[in-house]
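These are the residues of each chain, in order.
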Amino acid sequence: MSKTRSSELSSPSSTDKGDIRHDETNDVPAAPAVHPPNWWWKYRQIIREAAAEFLGVMILIIFGDGVVCQVVLSSNPNVAPTPKGDYLSLNFGWAIGACLGVWVSAGISGGHINPAVTLALAAWRGFPWKKVPVYLFAQLMGGLVGAALVYANYFHAIDIYEGGRGIRTLKTAGLFSTYALDYMTAVSCFFSEFLASAVLMIVVLATIDKHNSPPPNGLFPLVIFIVILGIGAALGMETGYAINPARDLGPRLLTSMVGYGKAVYTFRREYWIWCPVIAPILGCQVGSLFYDLFLYIGDDSPINQPSTKKQVQNEYDDMSRDV
């Protein structure tokens, strides 16, 4: 999840392009220089952004996969005396996870917590490409570790639901990653994830656009809560609204490691790569293109860069005449 939307935002990253934090600190006195208090300080500064992305995705998955496990597994009377939730519970769980994941990481790394968002910000908002591989790896590992923690928590309930100790099938693999409904065609699956991801990215870019209507500083995670809740309630039924490659691939790696086997990758002709990974990436790119093409006027977008020196000179001459 993207995001977000941009999920971005300190440390050295606070001045990076593509940072989705809101800069409302012009009137705030500069903080005094802080000297490293111990040996760990300098190492933490090196890994801080990656750790924030890792932790943000991990929290997203703990709440997201956690609520799926609780709702689905509790439908078995041998797991819980009564069901513990419904589809709306899933929407709220994922929205809360995305909100809190961004809240934990936004002030340090920008709170992307979504590879598709990171790639879109690199392409359209000047986020440093040199940071992209580190962010993507941290996000993927956060998804894997988050899913591992949820799996450990619900291990015995999964055994009961599956019908025996250690039995692992696609019946419970969907607790951790997304699997489309049977009637969905390949094109429909792709379009569903593409559309939801494009909407997510448009909202993220609108939220961080100082020329639009950005929320007060610190409330970006609340916007993420709203957009994820809305996407889940309106577009989530058919494919499970992955809209985040790390959210799907990280937990999918975990399932293949704990006994679910290759079925998690062979489902519907490698569904795992073209729907919850490629579709969100392309959706975020197209959403960014649409926003920048028709709405954005900031000079950090490739679309708004002067094409030639002559054009720059002409614009300068026009401004001089106006003055």
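Residues numbered from 1 in each chain as written. Predicted model: local features only at pLDDT ≥ 70, side-chain atom pairs only at ≥ 80, totals over all residues. Heavy atoms only, no water.

Engineer: Before we go on, may I ask you to explain the pattern of salt bridges in this structure?
Structural biologist: Note that side chains of opposite charge can pair when their charged atoms are close. By the definition in use, this model includes six salt bridges. For glutamate 49, the salt bridge identified is with lysine 131, shortest N-O distance 3.2 Å. Residue glutamate 49 is found in helix H1 (residues 40-73), and its partner lysine 131 is found in the loop between helix H3 (115-124) and helix H4 (132-153); the two are separated by 82 residues along the sequence. On the basis of relative accessible area, glutamate 49 is assigned to the buried category, the value being 12%. What makes lysine 131 buried here is its relative accessible area of 15%. Because the salt bridges share partners, they merge into one network encompassing Asp159, Arg165 and Arg168. (Salt bridge = Lys/Arg side-chain N within 4 Å of Asp/Glu carboxyl O. Helix = DSSP H or I, 4+ residues; strand = E, 2+ residues; numbered from the N terminus. Buried < 20%, exposed > 50% of the residue type's maximum accessible area, 1.4 Å probe, protein only.)

Engineer: Would you mind going over helix H11 (residues 271-294) with me for this structure?
Structural biologist: Three- or four-residue spacings in an α-helix give side chains the same orientation, since the helix completes a turn every 3.6 residues. Across its 24 residues, H11 extends 33 Å between first and last C-alpha, which sits within 8% of the 34 Å expected from 1.5 Å per residue. At isoleucine 278, H11 shows its maximal bend, which comes to roughly 35°, and the proline proline 280 appears one to four places after that position. (Expected span 1.5 Å × (residues − 1). Bend = angle between axes of the 7 residues up to and from the residue.)

Engineer: Please explain the side chain of serine 105 as it appears in this structure.
Structural biologist: Relative to the elements of secondary structure, serine 105 occurs in helix H2 (residues 87-109). Judged by its relative accessible area of 0%, serine 105 falls in the buried class. The residues touching serine 105, leaving out its near neighbours within four places in the chain, are Ala52, Glu53, Gly56, Gly110, Gly111 and Ile113. (Contact = heavy atoms within 4.5 Å.)

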